[in-house]
Amino acid sequence: LDMADVTTKYANLRKALRKEDFDRALKLANELTQVVDEEDNDLDKTKCVCYIHLAEYDEAIKIAKELGLTFEHAYCCYRLNQYDKSLKVLASEAEPTEAMRHLEAQLRYQMNQGGEAAGVYQALVDESTEV
């Protein structure tokens, strides 16, 4: 493939993602992985997200672990009803993002830990109003 073909594939990948055509996006990301010289973590992360949207959580977890994508890893565990494992993955993050904390609250709620869930949500609300 020449550079123009690679550029076209990247453009088609962006278009597929915008259209939420995750099967096509995954196919294009895999094709690009074969032809791009350097390791492209963005392509790998894109594949991880495509697998999540396609409910192929085990494949997504493999990539998430490899790249250290804590949220994606924990989210896949959540979707697989592996709540304890998901919480453990989230706990490994020193600086949890807002999305990670929302996921923690959802996990706590699903695990009948309403008090803990409410505490996480309250902290998020308190922080959002500290402007």
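What you see is a predicted model; the values in this text were computed from it and never measured.

Definitions and limits used
Residues numbered from 1 in each chain as written. Predicted model: local features only at pLDDT ≥ 70, side-chain atom pairs only at ≥ 80, totals over all residues. Heavy atoms only, no water. Patch = residues over 30% accessible without salt bridge, like charges linked within 9 Å, V, L, I, M, F, W, Y side chains within 5 Å. Areas by Shrake-Rupley, 256 points an atom, 1.4 Å probe, with all protein chains shown as cover. Salt bridge = Lys/Arg side-chain N within 4 Å of Asp/Glu carboxyl O. Lys, Arg positive; Asp, Glu negative; His and termini not counted. Charge placed at Lys NZ, Arg CZ, Asp CG, Glu CD. Helix = DSSP H or I, 4+ residues; strand = E, 2+ residues; numbered from the N terminus. pLDDT = per-residue confidence, 0-100. Phe/Tyr/Trp six-rings, centres within 6.5 Å; stacked < 30°, edge-to-face > 60°. Buried < 20%, exposed > 50% of the residue type's maximum accessible area, 1.4 Å probe, protein only.

Undergrad: Any chance you could explain a positive patch on the surface here in plain terms?
TA: Together, Arg 14, Lys 15, Arg 18, Lys 19 and Arg 24 make up a region of like positive charge exposed at the surface. With respect to the element layout, Lys 15 can be found in helix α1 (residues 3–18).

Undergrad: Would you mind going over the confidence of the model for the protein chain with me for this structure?
TA: Parts of the model with low pLDDT should not have their predicted coordinates read in detail. Per-residue confidence for the protein chain gives a mean pLDDT of 94, with 98% of residues at or over 70. The spread of mean pLDDT over the elements of the protein chain runs between helix α8 (residues 114–128), the lowest at 93, and helix α5 (residues 70–79), the highest at 98.

Undergrad: Just checking my understanding: could you explain the packing of aromatic side chains for this structure?
TA: In this description, a pair of aromatic rings is defined by centroid distance and the angle of the planes. One pass over the structure, following the stated rule, counts three aromatic pairs. A ring pair is formed by Phe 71 and Tyr 75, whose centres lie 6.0 Å apart and whose planes are at 20°; its orientation type is stacked. Of this pair, Phe 71 and Tyr 75 both sit in helix α5, four residues apart, which is roughly one turn of the helix. Residue Phe 71 is classed as partly exposed on the basis of its relative accessible area of 25%. Tyr 75 sits in the partly exposed class, given a relative accessible area of 23%. By the ring-pair criterion, three or more aromatic residues cluster together here, those being Phe 71, Tyr 75, Tyr 78 and Tyr 83.

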